[in-house]
Amino acid sequence: MPSHSRSTWWIAALMLLLTACSSDLATNSESGGYISADGSITVVAPDDRESAPDIAGESLEGEPIALADFAGDIVVVNVWGSWCGPCHAEADALATASKRLAAQGVRFLGINIRDQMANAQAFENEYGIEYPSIFDPDSSTLLGMPESMMAVSPPTTYVIDSDGRLAARVFDEVTVETLVDLVDEVGGGDGGEASRG
């Protein structure tokens, strides 16, 4: 077989494998974590998870808030901006998921970056976002993220396990189903109680 044909075959096989990985969160996260075919979802195996950085600041209401306030809980952290089109597209899903998962003790925290306070507050009011967001106009709260889990641009959503470790990242718009599935995996992977209700 010519060398270029062999290369084409290997590339096709790799793409098929990656596509299969992204189709079943439960099966593949148990095998040690994976990156989805398009790179939008990263799930980290429990033994490979790194601690989340110290994320803290003032909320959009001017109150001090920190990730440490939610210690012991699974936390969904969403990086967003009111100027970001995809952030508008996913806002309803985040609002719905936060209410659905609250009964399981899952907490939500936003990080509003490169924004103006009034615009950010209007965004939350428009979509009925009830969980708090840190107002971070210079994106400084994200500087401590490990390189492998950086938020390059919004929207980016993290799932942090109950031990305060980075368990998953979605570098794309999220859906309710994606968040519920990821929380299920993180809860199952670290002994947590989260489950699909």
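Residues numbered from 1 in each chain as written. Predicted model: local features only at pLDDT ≥ 70, side-chain atom pairs only at ≥ 80, totals over all residues. Heavy atoms only, no water.

### Examining the nonpolar core
Phase 1 of the analysis: Val-76, Val-106, Phe-108, Val-159, Leu-179, Leu-182 and Val-183 are the most contacted members of the largest nonpolar core, which totals 32 residues.
Phase 2 of the analysis: Of all the elements in the fold, those that place two or more residues in this core are strand E2 (41-44), strand E5 (75-80), helix H3 (85-102), helix H4 (117-127), strand E9 (166-170) and helix H5 (176-189).
Phase 3 of the analysis: It is H3 that provides the largest number of residues to this core, a total of 7 residues.
Phase 4 of the analysis: Core analysis: the second largest hydrophobic core is formed by 20 residues, Ile-55, Val-77, Leu-142 and Tyr-158 among them. (Core = buried A, V, L, I, M, F, W, Y, C linked by side-chain atoms within 4.5 Å. Buried < 20%, exposed > 50% of the residue type's maximum accessible area, 1.4 Å probe, protein only. Helix = DSSP H or I, 4+ residues; strand = E, 2+ residues; numbered from the N terminus.)

### Considering the layout of surface pockets
Phase 1 of the analysis: Within this model, the largest pocket holds a volume of roughly 190 Å³.
Phase 2 of the analysis: A breakdown of the residues in the lining of the largest pocket according to their chemical character gives 11 nonpolar, 3 polar and 4 charged. (1 Å grid on protein atoms, 1.4 Å probe; cavity = no way out; pocket = protein on both sides within 12 Å on 5 of 7 lines; lining within 4 Å. Points joined across faces, edges and corners; volume = space filled by probe spheres on them. Nonpolar A, V, L, I, M, F, W, Y, C, P; charged D, E, K, R; others polar.)

### Thoughts on unusual backbone geometry
Phase 1 of the analysis: A cis amide bond links Pro-154 to the next residue, Pro-155, at an omega of -5°.
Phase 2 of the analysis: Tracing the chain through its elements places Pro-155 in the loop between strand E7 (133-136) and strand E8 (156-160).
Phase 3 of the analysis: With a phi close to 45°, Arg-114 is a non-glycine residue in the positive phi region.
Phase 4 of the analysis: Structurally, Arg-114 can be placed in the loop between strand E6 (107-113) and H4.
Phase 5 of the analysis: Exposure remark for Arg-114: the relative accessible area of 43% places this residue in the partly exposed category.
Phase 6 of the analysis: Positive phi is not limited to glycine here, since Ser-139 has a value of about 60°.
Phase 7 of the analysis: In this structure, Ser-139 sits in the loop between E7 and E8.

### Quick look at the side chain of Thr-157
Phase 1 of the analysis: Looking at the element boundaries, Thr-157 is found in strand E8.
Phase 2 of the analysis: Of the residues examined, Thr-157 reaches a relative accessible area of 1% and is grouped as buried.
Phase 3 of the analysis: Within the structure, Thr-157 has its side chain in polar contact with the side chain of Asn-78 (distance 2.8 Å).
Phase 4 of the analysis: With near-sequence residues (within four places) excluded, Thr-157 lies in contact with Val-76, Val-77, Asn-78, Glu-90, Ala-168, Arg-169, Val-170, Val-174 and Leu-179. (Polar contact = N/O pair within 3.5 Å; in protein donor to acceptor, adjacent residues only side chain to side chain. Contact = heavy atoms within 4.5 Å.)

### Quick look at the environment of Thr-96
Phase 1 of the analysis: Along the chain, Thr-96 falls in helix H3.
Phase 2 of the analysis: On the accessibility criterion, Thr-96 (39% relative accessible area) is partly exposed.
Phase 3 of the analysis: Sequence-wise, Thr-96 and Thr-175 are 79 residues apart; in three dimensions their C-alpha atoms are separated by 9.4 Å.

### As for empty space enclosed by the protein
Phase 1 of the analysis: Scanning the model with the defined rule gives 1 cavity of 30 Å³ or more in all.
Phase 2 of the analysis: What the largest cavity holds in volume is close to 60 Å³.
Phase 3 of the analysis: As for the largest cavity, its lining consists of Asn-78, Trp-80, Cys-87, Glu-90, Ala-91, Leu-94, Phe-123, Glu-124, Ile-129, Tyr-131 and Ser-133.
Phase 4 of the analysis: Elements with a contribution of two residues or more to the lining of the largest cavity: E5, H3 and H4.
Phase 5 of the analysis: Among the elements that take part in the lining of the largest cavity, H3 stands out by supplying 4 residues, more than any other.

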